[in-house]
Amino acid sequence: MTFLSSLAKSEATHWQWVKQGLNVSLIFMLIFMNLAMGSKSKDSIIGIQLCSAWFWIIQLVFIGICVLITWYAVRMNKREQELRKLYDVNYDPTEVIYEGRVLRILLTYGFLGGWVAGALGLGGGSIYNPALLSLGVNPRVASSTGMYLVLFTAINATVVNWVSGTLNFAYSGWIGTWSVIGSIIGFILAEAYVKKSGRQSFFVWILFVVFVLSVIVTPIAAYFSLKKDKEAGHNLMAFESPC
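All of these numbers come straight from a predicted model, not from anything done at the bench. (Residues numbered from 1 in each chain as written. Predicted model: local features only at pLDDT ≥ 70, side-chain atom pairs only at ≥ 80, totals over all residues. Heavy atoms only, no water.)

S.K.: Explain the nonpolar core residue by residue, including any values.
M.R.: If you look at the biggest cluster of nonpolar residues, it comprises 13 residues, and the most contacted ones within it are Met33, Met37, Phe55, Ile58 and Phe62. Those elements giving two or more residues to this core turn out to be α2 (17-37) and α3 (53-87). The greatest single-element share of this core, amounting to six residues, is contributed by α2. The contact partners of Phe55, leaving out residues within four places of it in the chain, are Met37, Gly38, Ile48, Gln49 and Leu50. Within the second largest apolar cluster, five residues are counted, among which are Leu132, Leu133, Val137 and Ala142. (Core = buried A, V, L, I, M, F, W, Y, C linked by side-chain atoms within 4.5 Å. Buried < 20%, exposed > 50% of the residue type's maximum accessible area, 1.4 Å probe, protein only. Helix = DSSP H or I, 4+ residues; strand = E, 2+ residues; numbered from the N terminus. Contact = heavy atoms within 4.5 Å.)

S.K.: For the side chain of Lys19, give the residues involved together with the corresponding values.
M.R.: The topology assignment puts Lys19 in helix α2. A polar contact is formed between the side chain of Lys19 and the side chain of Glu80, at a distance of 3.0 Å. Beyond its immediate stretch of four places on either side in the chain, Lys19 contacts Glu11, Met76, Asn77 and Glu80. (Polar contact = N/O pair within 3.5 Å; in protein donor to acceptor, adjacent residues only side chain to side chain.)

S.K.: Give a detailed account of a nonpolar patch on the surface, specifying residues and quantitative values.
M.R.: Taken together, Trp205, Phe208, Val209, Val212, Leu213, Ile216, Val217, Ile220, Tyr223 and Phe224 make up a surface patch of nonpolar side chains, about 1000 Å² in accessible area. With respect to the element layout, Tyr223 can be found in helix α8 (residues 201-231). Classification of Tyr223 as partly exposed rests on a relative accessible area of 49%. (Patch = residues over 30% accessible without salt bridge, like charges linked within 9 Å, V, L, I, M, F, W, Y side chains within 5 Å. Areas by Shrake-Rupley, 256 points an atom, 1.4 Å probe, with all protein chains shown as cover. Salt bridge = Lys/Arg side-chain N within 4 Å of Asp/Glu carboxyl O.)

S.K.: With reference to specific residues and values, describe the packing of aromatic side chains.
M.R.: A complete count under the given rule lists two aromatic pairs for this structure. Note on Phe55 and Trp56: the rings are 4.9 Å apart at their centroids and 85° apart in plane angle, and the pair reads as edge-to-face. Overall, the relative accessible area of 9% leaves Phe55 in the buried class. An angle of 70° between the planes, with centres 6.0 Å apart, marks the rings of Trp174 and Trp178 as edge-to-face. (Phe/Tyr/Trp six-rings, centres within 6.5 Å; stacked < 30°, edge-to-face > 60°.)

S.K.: Requested: an account of the pattern of salt bridges, with residues and values cited.
M.R.: This structure, assessed with the given rule, holds one salt bridge. One salt bridge connects Glu80 with Lys19, and the closest N-O pair in it is separated by 3.0 Å. Taken together, the residues span a long stretch of sequence, with Glu80 in helix α3 and Lys19 in helix α2 at a distance of 61 residues. For the pair Glu80 and Lys19, one class covers both residues: buried.

See the structure below:
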């Protein structure tokens, strides 16, 4: 019971050192990996040649570490959840269960969110928030959890683009400032709405409208960008080797 008592106290705060430590350690390893591999515009800090054997080995080792840490994190959270449920300590019947179909959905959306943020440059929150809402998570919890997860995918994307020399600090600082302001206002309004109405479906419809607008606007913006590249004489169908 001493363990459960300390667990309940830690879950009431943000100072869950083991869980935070796993996330932070992965970020530091990711930063080191990107700096160690280098890019076409920035040499490796340890002299690794682009696309050499060590270039690929480092990535495979990092993927293996991610798999092991994911396995450990799931096992740890599942064990804690089972104990809290058994002794009815800080357990909510509506919380996400770490087993079966729900666990597979969490892992899948976690991977998709990271892939979308890293490969396409889109916010991982476009994956995380709808996924958590679809699992019945309270909008306030879904929003805060989504933003926490986006923090790590954003750091990942920032480091990769910085290493590649494609990061515009002035632009990102301007957009980032207004994003913070907008997220705070949205969080306050969402919490007030849920307290007053007790319904979460409204946020699902908002996400639906946002996605529809994105589907409409993104191709239009891409068309004008591709048209500009075409007029400049660029081969739109050409692929460039990562090496």
